[in-house]
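# Structural overview for review
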Amino acid sequence: MLSDPGGELTTRAEHACCGGRVGFYSHASRALGLEARFAVFMPAGASMARRVPVIHLLAGLTCTEETFLIKSNVIRFAARHGIALVATDTSPRGAGVSGEDDAYDLGTGAGFYLDATRAPWDAHYRMGTYVGDELPHLTERLFALDGSRRGIMGHSMGGHGALVHALRAPQKWKSVSAFAPIVHPAIVPWGEKAFSTYLGADRTTWAAHDATLLLKAGHMHPTTILIDQGEADQFLHDQLRPDLFRDAATSVGQALDLRLHAGYDHSYWFIQSFIEDHVRHHAAILTGTPA
Ligand SMILES: N[C@@H](CCC(=O)N[C@@H](CSC=O)C(=O)NCC(=O)O)C(=O)O
């Protein structure tokens, strides 16, 4: 299933799971200039002669490449649909930037899936290029993945990443969904802190990394965007604001299925409750099976 003749990957662990195989790897990332970790789930039956669709998973603040796979129960449903999963880490590790480990919402574990343009962050904080180019190309060379059937899904900071990457490159990401995404980072505390640090004070440069502003600027996705949001989410009103994304989607005609769920919070218990629907959403687009 893994074909790595050049020895590009270090295998940290591999396990049989749900009839397929989940593996945890590290490699020398060109985009990040550091060793980076990621994980791949390959369903049963995949081979280089029979490549399978893939969903990339972007986790939120403080997470690693393990979190989404372990806590969301996504593998069980991906296996049923014959879909592979690629899970990235949430930031470079060990970049050596002063203060990068001081707060949970900046630096380590908080890369925001963008390329920093401001020194000293710009040397290694390049998760935009990593997620958008390097990781898909690397995994599609070494695993039996069909890059023409590639989707993206994320949670919170990862939901922001999924929406931004899909809206900026819909030809690359054929399906998109998010759990409790930060939809308008340019106007909420998490986003303002990250963007001013990674991109600088000029807010005009922030728009390319904000899903709501991208919609308003004419970026659309050709498929329906699925978003689930818990109404008891502790971050809903201060950080997430799905209402703003819904208003922008309505005004530009972007198809959006925004589902609000009473009683659910921001946790992986919430994600676990609706993950089956998200995999089905991606499968309908990537494999043509009815949703
Ligand atoms: N510890 C922080 C909150 C961190 C947090 O809630 N992280 C979320 C993602 S939030 C947006 O990106 C998460 O997924 N955590 C991992 C988990 O296992 O739940 C605080 O002190 O508030």
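Residues numbered from 1 in each chain as written. Predicted model: local features only at pLDDT ≥ 70, side-chain atom pairs only at ≥ 80, totals over all residues. Heavy atoms only, no water.

Keep this limit in mind: UniProt positions are given in the numbering used here, feature names are shortened, and annotations may be inferred rather than shown by experiment.
In the nomenclature of an unreviewed UniProt entry, the chain is known as S-formylglutathione hydrolase of Gluconacetobacter entanii. The heading Function (unreviewed entry) in the UniProt record of the chain holds the text "Serine hydrolase involved in the detoxification of formaldehyde."

### Things to note about the overall build of the chain
Put simply, the rule reads: Secondary structure follows DSSP: runs of H or I at least 4 residues long count as helices, runs of E at least 2 residues long count as strands, and numbering of each begins at the N terminus. Our radius of gyration looks at C-alpha atoms and nothing else; its globule reference is 2.2 Å times the residue count to the power 0.38. Note on classification: 1.4 Å probe, protein chains only; a residue is buried when its accessible area is under 20% of the maximum for its type, exposed when over 50%, partly exposed between these limits. Contact between two residues is taken to exist if any of their heavy atoms lie within 4.5 Å; hydrogens are not considered. Only the protein chains shown count as cover for residues, and the accessible areas themselves come from Shrake-Rupley with a 1.4 Å probe. The sign given to each residue is positive for Lys and Arg and negative for Asp and Glu; His and the chain ends receive no count. In this description, the location of a charge corresponds to atom NZ of lysine, CZ of arginine, CG of aspartate or CD of glutamate.
Regarding its fold elements, the chain presents 9 helices and 9 strands. For a compact globule of 291 residues, the expected C-alpha radius of gyration is about 19 Å, and the chain comes in at 18 Å, within 12% of that figure. Dimensions along the principal axes, computed over C-alpha positions, put the chain at roughly 45 × 45 × 35 Å. Counting across all 291 residues of the chain, residues that qualify as buried make up 56%. Contacts in the chain between residues at least 24 apart in sequence constitute 72% of all its contacts with a sequence separation of at least 6. When the accessible surface of the chain is summed, it comes to about 11200 Å², and 50% of that surface belongs to carbon and sulfur atoms. For the chain, the distance from the average site of its 25 positive side-chain charges to the average site of its 30 negative ones is 6 Å.

### Some details on the confidence of the model for the chain
Here is the rule we go by: Confidence of the predictor at the level of single residues is captured by pLDDT, which takes values from 0 to 100.
For the chain, the mean per-residue pLDDT works out to 97, and 99% of the residues sit at or above 70. If you check the scores for this complex, the pTM reads 0.97 and the ipTM reads 0.94.

### Description of the site of the ligand
For clarity, the threshold we go by: Near residues are defined by distance, with any heavy atom within 4 Å of the molecule or strand qualifying the residue. Throughout this description, a polar contact denotes any pair of N or O atoms lying within 3.5 Å of each other; where both atoms belong to protein, one of them has to be capable of donating a hydrogen while the other can accept it, and for residues adjacent in sequence the pair is counted only when both atoms sit in side chains. Asp, Glu, Lys and Arg are counted as charged, while Ala, Val, Leu, Ile, Met, Phe, Trp, Tyr, Cys and Pro are counted as nonpolar; the rest, among them Gly, fall into the polar class.
G60, L61, K71, S156 and M157 are the nearest of the 13 residues found near the ligand. Side-chain polar atom of S156 to an oxygen atom of the ligand: 2.8 Å apart, as the coordinates give it. Contact with the protein chains hides 69% of the accessible area of the ligand, taken as 540 Å² for the molecule alone. Residue composition of the shell around the ligand, grouped by class: 7 nonpolar, 5 polar and 1 charged.

### Here's the deal with helix α9 (residues 268-286)
The following threshold applies: The seven residues ending at a residue and the seven starting there each receive a fitted axis; the angle between those axes is the bend at that residue.
At F274, α9 shows its maximal kink, close to 50°. Residues of α9 that are buried: Y268, F270, I271, F274, I275, H278, V279, H281, H282, A283 and L286. The opening residue of α9, the one whose side-chain oxygen lies 3.1 Å from the backbone nitrogen of W269, is S267. Phi turns positive, to about 80°, at G288, one or two residues after α9.

### Some details on the packing of helix α2 (residues 74-81) against α9
What counts here: Every axis corresponds to a line fitted to the C-alpha atoms, with the helix fit spanning only the stretch in contact, and the corresponding angles, defined between N-to-C directions, vary from 0 to 180 degrees. When describing relative orientation, an angle under 35 degrees is termed roughly parallel and one over 145 degrees roughly antiparallel, while 65 to 115 degrees is termed roughly perpendicular and anything else oblique. It is the rotation of the near helix from the far one that decides the hand of a crossing: anticlockwise by less than a right angle makes it left-handed, clockwise makes it right-handed.
Taken N-terminus to C-terminus, the directions of α2 and α9 make an angle of 30°; their axes are 9 Å apart at the nearest point. Compared by their axis directions, α2 and α9 come out roughly parallel. Between α2 and α9 the crossing geometry is right-handed. Note on element contacts: α9 touches α2 through I275, E276, V279, R280 and A283, opposite V74, F77, A78, R80 and H81. Its residues assigned to classes, the contact of α2 with α9 comprises 6 nonpolar, 1 polar and 3 charged.

### Structural notes on the environment of Q254
Structurally, Q254 is set in the loop between α8 (242-252) and β9 (256-261). Note on Q254: relative accessible area 5%, which makes it buried. The sequence separation of Q254 and T223 amounts to 31 residues, and the corresponding C-alpha distance is 8.5 Å. The contact partners of Q254, leaving out residues within four places of it in the chain, are L167, L215, M220, H221, T223, I225 and A249. There is a polar contact of 3.1 Å between the side chain of Q254 and the backbone oxygen of T223.

### Here's the deal with the packing of aromatic side chains
Applied cut-off: Two aromatic rings from Phe, Tyr or Trp, using only the six-membered ring of Trp, form a pair when their centres are within 6.5 Å; if the ring planes differ by under 30 degrees the pair is stacked, by over 60 it is edge-to-face, and anything between is tilted. In this scheme, Lys NZ or Arg CZ marks a charge over a ring once it lies within 6 Å of the ring centre and within 35 degrees of the ring normal.
By the definition in use, this model includes 13 aromatic pairs. With 6.1 Å between their ring centres and 50° between their planes, Y264 and F270 make a pair best called tilted. Residue Y264 is classed as partly exposed on the basis of its relative accessible area, which comes to 31%. When its relative accessible area of 0% is taken as the criterion, F270 is described as buried. Feature note: the residues F179, Y264, F270 and F274 constitute an aromatic cluster, connected by ring pairs. Lying across the ring of W173, R150 places its NZ or CZ 5.4 Å from the centre.

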